[in-house]
Amino acid sequence: MVLFFLAIALPGSAQQPLKTLLVGVDQRSVISLDGQWHYLVEQPPAGELYKADGKVRDNGYALNTHPNLYNRDPHNEEYDFATAPTLRVPGDWNTQEPSLFRFEGVVWYQRDFDLTPQPNTRTFLHIGAANYRSFVWVNQKRICDHEGGFTPFDCEVTAALKPGSNFVVIAVDSTRHADDIPSLVYDWFNYGGLTRDVSLVTLPEQFIDDYDVHLKHDSTFSPTVPQSLEGYVHVEGAPAGTPVTVRIPEAGIDLTLKTGVDGRAPFEAKAGRLTLWSPASPKLYKVDLRSGQDSLTDEIGFRDIRVDGTRILLNGQAIFLEGANMHAEAPYRGGRAYSQQDADNIFGFLKEMHANFVRLCHYPHDERMERTADRLGVMIWSEIPLWQRISFDKPEVYAKAAAMLNEMIRRDRNKASVILWSVSNETPNNPTRTEFLTNLANEARRLDSTRLITSALIGPHFVGNRAVQDDPLAQALDVVGQNEYVGWYDRRPEDADQIVWTLPQKPVIMSEFGSEAKQGNHGGIDQRWTEEQQVNVFQHQFVMIGKIPQIRGLAPWVLMDFRSPGRNIPGLQDGYNRKGLISETGQKKLAFQLFEETYKAHSVGKAE
Ligand code: GCB
């Protein structure tokens, strides 16, 4: 059994740490619990979830009992899910119900489901993401807790199920705390709720919970040398010696393996001549995994990503990343993105812009994003939500960060599109932080030695016109992300032309740069908030960036305007960060066109 979750002290006594996390669950046949769920809001000062001692109450709303409304028995309950209104799952509560728009706190969800458990099976409740803390009960039994708003988790419900009608109650708490990740303050909207798919997954007693199938990552790569694939399949509950088959017909691979004592069947196999995954040719292979009664077919691309000096090599070829940043915010409709339509809209913009890269900020997005990028050939930077101020001095916060990193990598390690794992964004430069993030970067490498590790570093310090980035964290990274706002927070746009950078001798991605503009607001290039000034800022940025020899990627901040409660200039921001190249309603600003032309002509930056 793989114990990859660390026991984490949560407010409200934690249940068993979660033990499994189903990889590739979107490729399995599941019972979807998406749809309408009854909900009750826990509006302070009323309190239901946490008892006075901070522990979680299991004998209140969690029981889903009903008030005696029409008989003469003593009055009992002060709640009733059966007659409560409903919210759609997946979906944040804020954009579904106007009275909940600004609500941060606990919302209780409940729904019934029919399921008759079959002998010799195990059933898991899979939750794609719930922001931020979740407490789950099935038929009145507490089955799991989870902390972290952007990664999936699985709760085993086998022992709690009964034939026929069952019910699940989930309390989701979006309250922010200093020792959470992210912490108290951040520049995006704290959408609460069951924000991604919820499903029931029934599996045989022994089942494939985790697998990793990738191109063998040797110390050198040559496109002419025959390729090998390597990885492992983990079978939960399997005794040593359990057979596992791995078939990749198009690659001529048909292996029969045996699990070890840890349930893991590692493999390495010569493949025929593979068509390697790249933006120009996003080839995916059908990978068929079987063990006993369990089977699963995934679609996986194979490619090599590595760094050579200041170059980034994809399949041995130097590449330049032309992309943008994006929050998990749904174009047009607003609110947390969760659907294929949302992913298609976002990648539609990126493709139109001729982008080959996207930085998914500042936390793991819905898995559909990686799936879509795999199919379309867009490279991804994926990040955990260590944003600016985090309690870096606390071991329990490190444990949470490591758990989030683990969940992110476990979910997406089979996605060829993901080339960069980012451990953080704009953290303060001090020894405690550096040690914390260096350990986390090493942990990422231990979990996945085939990808590049990065972080977005905060703005440089200036010595006259020299911009110096000497954050020691860079030493722990393969690729340095540099955020800077010359021309917006820092100096005037034209000052960028004179700035000369001192940067680490590693590949550098300008991971954020930009300025705010209200779509439809026109005027002179010096007039703040106009589309013209936004273009002007980018043009001067291009002059500056074009002079940096080790620049290997561009990610303007940000593809689309996004909700941020701290942005309160009336008439201009109205609760949105307006640094988008498009508005939240999908209207393109002039800067979108600038990037479209720039990326089409590859006119800024060089692969080597
Ligand atoms: C940053 C942050 C990003 C903000 C952005 C801004 O440096 O990394 O999360 O949204 O600046 O617009 O200020």
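Residues numbered from 1 in each chain as written. Predicted model: local features only at pLDDT ≥ 70, side-chain atom pairs only at ≥ 80, totals over all residues. Heavy atoms only, no water.

Enquirer: Describe the overall build of the protein chain, with residues and values.
Expert: Regarding its fold elements, the protein chain presents 6 helices and 33 strands. Over its C-alpha trace the protein chain gives a radius of gyration of 25 Å, about what one expects of a compact globule, namely 25 Å for 608 residues. Projecting the C-alpha coordinates of the protein chain onto the three principal axes gives extents of approximately 80 × 60 × 40 Å. The buried share of the protein chain, taken over its 608 residues, is 61%. (Helix = DSSP H or I, 4+ residues; strand = E, 2+ residues; numbered from the N terminus. Rg over C-alpha atoms; globule rule 2.2 N^0.38 Å. Buried < 20%, exposed > 50% of the residue type's maximum accessible area, 1.4 Å probe, protein only.)

Enquirer: Lay out the packing of helix α1 (residues 340-352) against helix α2 (residues 367-376) in plain terms, naming residues and giving numbers.
Expert: At a minimum axis distance of 9 Å, the contact between α1 and α2 shows a crossing angle of 45 degrees. Viewed along their axes, α1 and α2 adopt a mutual orientation that is oblique. For the pair α1 and α2, the sense of crossing is right-handed. Residues Q340, A343, D344, I346, F347 and K351 of α1 form the contact with α2, whose participating residues are R368, M369, T372, A373, R375 and L376. Among the residues forming the contact of α1 with α2, the class breakdown is 6 nonpolar, 2 polar and 4 charged. (Axes fitted to C-alpha atoms, helices over the stretch in contact; angles between N-to-C directions. Parallel < 35°, antiparallel > 145°, perpendicular 65-115°, else oblique. Left-handed = near helix turned anticlockwise from the far one by under 90°. Contact = heavy atoms within 4.5 Å. Nonpolar A, V, L, I, M, F, W, Y, C, P; charged D, E, K, R; others polar.)

Enquirer: Which residues make up helix α6 (residues 590-601), and what values do they have?
Expert: Taking 1.5 Å as the rise per residue, α6 with 12 residues should run 16 Å; its terminal C-alpha atoms sit 17 Å apart, in good agreement. Where α6 is concerned, the buried positions are A591, F592, L594, F595, T598 and Y599. Taken around the axis of α6, the buried residues stretch over an arc of 160 degrees, which confines them to a single face. In α6, the exposed positions angled more than 90 degrees off the buried face are occupied by K600 and A601. On its buried side, α6 packs onto β21 (321-326), α1, α5 (531-545) and β31 (551-554). With its phi angle positive at about 50 degrees, H602 sits one or two positions after the end of α6. (Expected span 1.5 Å × (residues − 1). Arc of directions from axis to C-beta.)

Enquirer: Explain the state of the cysteines to me, using residue names and the numbers behind them.
Expert: By definition, a disulfide links the sulfur atoms of two cysteine residues through a covalent bond. The tally for this structure, following the rule as stated, stands at 1 disulfide. Here C144 pairs with C155 through a disulfide, and the sulfurs are 1.9 Å apart. Around the S-S axis, the bridge from C144 to C155 shows a dihedral of about 45 degrees and counts as right-handed. With a gap of 11 residues between them, C144 in strand β7 (residues 141-147) and C155 in strand β8 (residues 153-156) connect regions that are remote in the sequence. Classification of C155 by relative accessible area gives buried; the value is 1%. (Disulfide = S-S within 2.5 Å.)

Enquirer: Could you give an account of the pattern of salt bridges, with specific residues and numbers?
Expert: By the definition in use, this model includes 46 salt bridges. One salt bridge connects E147 with K400, and the closest N-O pair in it is separated by 2.9 Å. Pair noted here: E147 is in strand β7 and K400 is in helix α3 (residues 395-412), with a separation of 253 residues, a long-range link. The class for K400 is buried, based on a relative accessible area of 5%. Measuring nitrogen to oxygen at the nearest pair gives 3.4 Å for the salt bridge that ties D212 to R413. (Salt bridge = Lys/Arg side-chain N within 4 Å of Asp/Glu carboxyl O.)

Enquirer: Lay out the environment of L49 with the relevant residues and their values.
Expert: As for its placement among the helices and strands, L49 is situated in the loop between β2 (35-42) and β3 (86-89). Look past the residues within four positions of L49 in its chain and what remains in contact with it is E42, K55, V56, R57, V106, W108, F135, W137, A171 and D173.

Enquirer: Go over the site of the ligand, please, and point to the residues and values.
Expert: Taken together, 14 residues surround the ligand, and among them D187, H362, E426, Y489 and K579 come closest. Contacts to the ligand include Y485, whose side-chain N or O atom sits 3.3 Å from an oxygen atom. Between an oxygen atom of the ligand and a side-chain N or O atom of R567, the distance comes to 3.1 Å. Taking 320 Å² as the accessible area of the ligand by itself, protein coverage stands at 95%. Among the residues forming the shell around the ligand, the class breakdown is 5 nonpolar, 4 polar and 5 charged. (Near = heavy atom within 4 Å. Polar contact = N/O pair within 3.5 Å; in protein donor to acceptor, adjacent residues only side chain to side chain. Areas by Shrake-Rupley, 256 points an atom, 1.4 Å probe, with all protein chains shown as cover.)

Enquirer: Let's hear about the pairing of strand β6 (residues 133-138): which residues, and what values?
Expert: Counting buried positions along β6 gives 6 out of 6 residues, so the element sits mostly inside the fold. Burial along β6 is two-sided: R133, F135 and W137 and S134, V136 and V138, pointing in opposite directions, are all buried. Two elements, β6 and β7, share 6 bridges in a ladder whose sense is antiparallel. Following the sheet pairing, F135 is matched in β7 by D145. Linking β6 to β7, which pair antiparallel, is a turn of 2 residues; within it N139 sits at a positive phi near 50 degrees. (Pairing = 2+ DSSP bridges.)

Enquirer: Requested: an account of the confidence of the model for the protein chain, with residues and values cited.
Expert: Taken residue by residue, the protein chain gives an average pLDDT of 95. The fraction at 70 or more is 97%. Within the model, the stretch residues 1-17 combines pLDDT values under 50 with 48 contacts to residues more than four positions away or in other chains. (pLDDT = per-residue confidence, 0-100.)

Enquirer: How would you sum up the environment of M408? Please name residues and give values.
Expert: The residue M408 is located in helix α3 in this model. Given a relative accessible area of 1%, M408 falls into the buried group. Put simply, M408 and E383 are 25 residues apart on the chain and 8.3 Å apart in space, counted from C-alpha to C-alpha. Ignoring sequence-local partners within four residues, the contact set of M408 consists of T151, P364, S382, E383, I384, W421 and S422.

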